[in-house]
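What follows is each chain in one-letter form.
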Amino acid sequence: MDSLLAIWSSVPESAQLITLTVAKILAIVIPLSLSVAYLTFAERKVIGYVQVRIGPNRVGPRGWLQPIADAVKLMFKEIILPSSSNKFLFVLAPILCLGPALAAWAVVPFMDGVVLTDIDAGLLYILAISSMGVYGIIIAGWASNSKYAFLGALRSAAQMVSYEIAMGFALVGVLLAAGSLNLTQIVTAQQGWVWNWFWFPLLPLFFIYFIAGVAETNRAPFDVAEGESEIVAGFHVEYAGMTFAVFFLAEYANMILVAVLTAIMFLGGWYAPWSGLLPESALAIPGLGWLLSDGPHWLLAKISFLLFLFLWFRATFPRYRYDQIMRLGWKVFIPITIVWLLVVGGMVIAEVPPWFA
Amino acid sequence: MANSQVPNFFLALPEMWLLLAGCLVLVIDAFGRGKDRNTAYLLSQLTLAVAAVITVAMATDIRIFAFNDSYVSDMMGTVLKTFIYLVTAVVFIYSRDYLRERGLYQGEFFVLALFAVLGMMIMVSAHSFLTIYLGLELLSLSLYAMVALKRDDSDATEAAMKYFVLGALASGMLLYGMSIIYGVTGTLDVGQVAQRLASASEANNLVLAFAVVFVIVGLAFKLGAVPFHMWIPDVYHGAPTPVTLFVGTAPKIAAFAMIMRLLVEGLGDLHAHWRDILIVLSVLSMGIGNIVAIAQTNLKRMLAYSTISHVGFLLLGILSGTENGYASSMFYTLVYAVMGAGGFGMILMLSRSGFEADKIEDFKGLNDRSPWYAFMMLILMFSMAGVPPTLGFYAKLSVIQSLVDVGLVWLAVLAVVFSIIGAFYYLRMVKLMYFDKPVETAPLRANLDLRAVISVNALSVLALGLYPSALMNLCIVALTQP
Amino acid sequence: MGVEQILFYVFGAILVFAAGMVITVRNPVFAALFLVLAFFTSAALWILLEAEFLAITLVLVYVGAVMVLFLFVVMMLDINLAPLQEGFTRYLPVGIVVAGIIVAEIYFAVNAEHFGLQAVAEPVRHAADYSNTRELGRVIYTAYAYPFEIASAILLVAIVAAIALTLRAKRQSKYIQPEKQVIVRRKDRVRIVKMPPEREEPGTS
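Computed from a prediction, not measured in an experiment: that's the story for all the values here. (Residues numbered from 1 in each chain as written. Chains lettered and ligands numbered in written order. Predicted model: local features only at pLDDT ≥ 70, side-chain atom pairs only at ≥ 80, totals over all residues.)

**Re the overall build of chain A**
A count of helical and extended segments in chain A gives 15 helices and zero strands. Expected size for 357 residues packed as a compact globule is a radius of gyration near 21 Å; at 22 Å, chain A falls within 12% of this value. Principal-axis analysis of the C-alpha atoms places the extent of chain A at approximately 65 × 60 × 45 Å. Within the span of chain A, comprising 357 residues, buried residues form 43% of the whole. Restricting the contact set of chain A to residue pairs at least 6 apart, pairs at least 24 apart contribute 80%. (Helix = DSSP H or I, 4+ residues; strand = E, 2+ residues; numbered from the N terminus. Rg over C-alpha atoms; globule rule 2.2 N^0.38 Å. Buried ≥ 20, exposed ≤ 12 C-beta atoms within 10 Å, placed from the backbone. Contact = placed C-beta atoms within 7 Å.)

So, in structure tokens, the structure goes:
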């Protein structure tokens, strides 16, 4: 152990920094990729049960190896480049889709202090980075040189830009409530049990943020960008093999991102639902005490619940018509958020307990 | 920051009232869709009237600053703002029938005009480069939209496009100049810029001269001084006549204020730098404006070139660099706004559904059709040409006087020569009205309010011409305020 | 040369390259994408200047919203590039001369002699806990409240103008209004008329 430390300290400082950072990034990205893989499995299982089917159950025990099999299949498939498509952009598009979905994780705190980069304007960073995901879709649609792909790209571009506004306003509400743009401070502003979290004072913003998140990720019932029944598969109709897999990865990574942000901003992040209520002695019980006290496992639980909602929506709701999506975004969500911002402002000034005391 | 308290909003009450009222008109008009637009019209007139009352009531003898010195309330501002309200109200009266007959009688026209007025007010009382620029943008943006309001007309759309592209370019130039000045002085406040310039080192002179060039190019674009005048004829011609009337009158008052705040108050110490540039601009403007106007067959285009030449005159007073010069320029601007309103108002009065009355020959034999209005037009044309005893004569006289005072006699002579050339086309209008046979024989059908206001407008040009000292004294008082 | 300087030159080079490509590349979609790159790198430069709020806002507003809509439009337009490029070579010499003169003038006026560290004091470096966003917010709502309000009025005018110029009152699409459908009664739609035959039935006579 000592010899390892000696080797470590002999490395120059800048190299130490780079190694550490890369290690941290890997510590986030590898579990994330695994979660994505198993989220697809969960989706098929959940939707299966909702529709009174069993879902995948052939590969491995109870079908647990299904995602691995899918990944292997996609990796070995040929990547088809359509003729007279723009080759460079065609390949770049999936990467542009995945990049922001991963980059946003840089500021996500898992625990007080456990975060890759603790920047001051974290919320803004999240907004800026997530607004760039749309480029992947637009470029994919355009570079494919296919009218279905192009239609899908146009729909998705307009939809994402529209919902970003409502989403941004919802985040402004959070920023007002927490008095900070830093995600760690937003969570610590909600310290306490369920009632102290921001979901209640910001209830309309909470719903709007989550629904807008569903729309931003182009998930059902807002998945007109794919719209199988109308435009085949939308923007990624021409993609196959690994390029397709990256789109897939990006979509699910974005879902997890939306879920984690919702959990952090409205559902108290890593605080347990009874945080601060239980006596110290209960938390000292070995095993159970850890489970009952605040920690990343609560964040994980909240994320899982929100992800389940995503799957539930998909199994339940029929797809929105395009003009209805636009109407909902512009004429319903944006006015509601603006009105609620005033309410939040009033509550902050009045110092309504327990949130703004 | 030193001044990070909540600022004193009260001083900007006229601006706040106009913003609020503009929003109200917008909402009331939007929810009153399908009914006639008279509510929007009446509310807009009411807004202007109330704004005028507030502005006059708040007038003070001393200059007061607010908002971290980016807002100034002074006599010049009060006078200019009052004239802006007046001219805009007159524009509204003139435009009503024209707009109604062409399906343009929409709330948007009035709302955009009100916001343009707000932009002008901000420019007039701006005391920081930032507010000057923002006011200018608010004004320009409203005007671009108003020019394009007749959206199915290719002339109007083209005019709006040219106006927009060149206007954006000019804003860029202005901003670049301002940013260099900020780089040298480290402040955007007009007063502080003046202070820093007074103590600036010699080494910075080159940079400042460079910045002044950009600022003046931006200003010249907005004013339409040659060689940055290309947009004026097209915009005046292409825009619906009421919009031309608006673009050609009130914004000139605001532009004068902008020059005063930027060049005189802010960069007064660089007078030597900007004087020579302004001389070139004004000589070219007077020359090209007056000579090209002769060749025009469209009255709107002719008035556009006449505007260019008037801008040349306006610059003459400013470049003289004396209090009297500034006052005569201010006088000239106000007079021009009143004359311009009358001139375009006549076009609006003669026009009717399907007939624009914007050709010069449409005025042939106006005397046979209506001697009274031919006489009104005669007064306006004489005034624009600078024939005594009309107001235009005194405007030109005072500007030339101020030039002679600072020893620029050659420039004064040149100005006189150009105005004699210019007199040709104004007097040609008079000849057409009195000595030619009418082509159009239809009687004039304008509303009573339009007829009354246009008569008052033209007669005031004559009456004030007989007693010019009242308005002139107002200008001098406004500019010599401590 | 420190890391910051290296980064500055790298980003600066990318920015100049991207900006150059915006105006020289033939395909308008590529031009728009290079513009996105240019915005992005200038945001990076602003971060080097410790203006992180502005940098992120630049990305958020320009990259995230404005350019998306721009691309949206550019992709849908079928621009024929040949006529646009006509005369490019003819005007090129004049353009180069004018541009060269302007660049030279700018260089002589705006150079290190006038804006270097001797002429202008070095800006103060802030500690890591200095919040750019908070400071900006503080001055915007106090010292710069007036310009800030004017900016909002400008945006309002932009909205009004855009709607006034594009909204067509008559809509061509037809909507079904369920609430009107359900209140329809038979008598609204069907009228039963009894009338005598207009013509003798064949065979009766």
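**Some remarks on the overall build of chain B**
Counting its regular elements, chain B contains 20 helices and two strands. Taking 482 residues into account, the globule formula puts the C-alpha radius of gyration at 23 Å, and chain B, at 22 Å, falls close to it. Here chain B holds 482 residues, and the buried ones make up 58% of them. A separation threshold of at least 6 residues defines the contact pool for chain B, and within that pool the share at least 24 residues apart is 80%.

**A closer look at unusual backbone geometry**
With glycine set apart, most residues show a phi of negative sign, and most peptide bonds adopt trans. In the segment running from B:V226 into B:P227, the intervening peptide bond is cis, with an omega of 5°. Mapped onto the secondary structure, B:P227 falls in the loop between α8 (205–223) and α9 (231–238). A cis geometry characterises the amide bond from B:P388 onward to B:P389, with omega recorded as 10°. Structurally, B:P389 is set in the loop between α16 (371–385) and α17 (391–405). You will see that A:R62, though not glycine, has its phi angle at about 55°, which is positive. The topology assignment puts A:R62 in the loop between α2 (13–50) and α3 (66–76). A tally of 13 C-beta atoms within 10 Å means that A:R62 is categorised as partly exposed. Positive phi outside glycine occurs at C:E50, with the angle close to 65°. Position of C:E50 relative to the elements: it lies in the loop between α2 (28–48) and α3 (52–76).

**Quick word on helix α11 (residues 250–266) of chain B**
Because each turn of an α-helix spans 3.6 residues, side chains separated by three or four positions end up pointing in the same direction. Between its first and last C-alpha, α11(B) extends 23 Å over 17 residues, near the 24 Å set by a 1.5 Å rise per residue. Of all 17 residues in α11(B), 16 are buried; the element is thus mostly enclosed. (Expected span 1.5 Å × (residues − 1).)

**Examining the confidence of the model for chain A**
Should pLDDT be low for a region, the predicted coordinates there are not to be read in detail. For chain A, the average pLDDT comes to 84, and 100% of its residues sit at 70 or higher. Per-residue pLDDT, averaged within each element of chain A, yields its smallest value for helix α10 (residues 228–231) of chain A (71) and its largest for helix α9 (residues 203–216) of chain A (90). (pLDDT = per-residue confidence, 0-100.)

**Thoughts on the confidence of the model for chain B**
Averaged over every residue, the pLDDT of chain B is 87; the share at 70 or more is 96%. Among the prediction metrics, the complex's ipTM stands at 0.89, with pTM recorded as 0.85.

**Focus on the interface of chain C and chain A**
A common measure of how large an interface is: the accessible area buried when the components associate. Counting from both sides, the interface comprises 16 residues of chain C and, opposite them, 17 residues of chain A. Sort the elements by how many residues they give to the side of chain C that touches chain A and α3(C) lands first, with 13 residues. Its residues assigned to classes, the side of chain C that touches chain A comprises 12 nonpolar, three polar and one charged. (Nonpolar A, V, L, I, M, F, W, Y, C, P; charged D, E, K, R; others polar.)

**Focus on the interface of chain B and chain C**
Each side of the interface is counted separately: chain B has 38 residues, and chain C has 22 residues. Mapped onto the side of chain B that touches chain C, the elements with two or more residues apiece are α1 (13–31), α4 (107–124), α5 (129–147), α6 (154–185) and α8 of chain B. Residue contributions to the side of chain B that touches chain C peak at nine residues, all from α5(B). Across the side of chain B that touches chain C, the residue classes tally to 25 nonpolar, 10 polar and three charged.

**Remarks on the arrangement of the chains**
Among the two pairs of chains that make contact, the interface with the largest number of contacts is formed by chains B and C. Chain A shows no contact with chain B. Their nearest C-alpha atoms sit 15 Å apart.

**Re the packing of helix α3 (residues 75–101) of chain B against α4(B)**
Residue and element names in this part refer to chain B. One can describe the packing of α3 onto α4 by two numbers: an axis separation of 10 Å at closest approach and a directional angle of 165°. Classified by the angle their axes make, α3 and α4 are roughly antiparallel. Viewed along their axes, α3 and α4 form a crossing whose handedness is right-handed. The segment α3 lies against α4, with G77, L80, K81, I84, T88 and L99 engaging F109, A113, V117, M120, M121 and V124. By residue class, the composition of the contact of α3 with α4 is nine nonpolar, two polar and one charged. (Axes fitted to C-alpha atoms, helices over the stretch in contact; angles between N-to-C directions. Parallel < 35°, antiparallel > 145°, perpendicular 65-115°, else oblique. Left-handed = near helix turned anticlockwise from the far one by under 90°.)

**Some words on the packing of α16(B) against helix α19 (residues 448–466) of chain B**
Residues and elements named next belong to chain B. Closest axis-to-axis distance for the α16/α19 pair is 9 Å, and the angle between their directions is 45°. In this view, α16 runs oblique relative to α19, as classed from their interaxial angle. Where α16 crosses over α19, the handedness of that crossing is left-handed. Counting all contacts with α16, which are made through M376, I379, L380 and S383, the residues of α19 involved are I454, S455, A458, V461, L462 and G465. For the contact of α16 with α19, the residue count by class is seven nonpolar, three polar and no charged.

**Examining the environment of A:F222**
All names here are of chain A. Residue position: F222 is located in the loop between α9 and α10. Distance from F222 to R319, taken between C-alpha atoms, is 6.1 Å for residues 97 residues apart in sequence. Setting aside chain neighbours within four positions, we find F222 in contact with Q159, V214, A215, Y320 and I325.

**Examining the environment of A:W312**
Here A:W312 is to be found in helix α14 (residues 296–316). Along the primary structure A:W312 and A:M160 are separated by 152 residues, whereas in three dimensions their C-alpha atoms are 22 Å apart.

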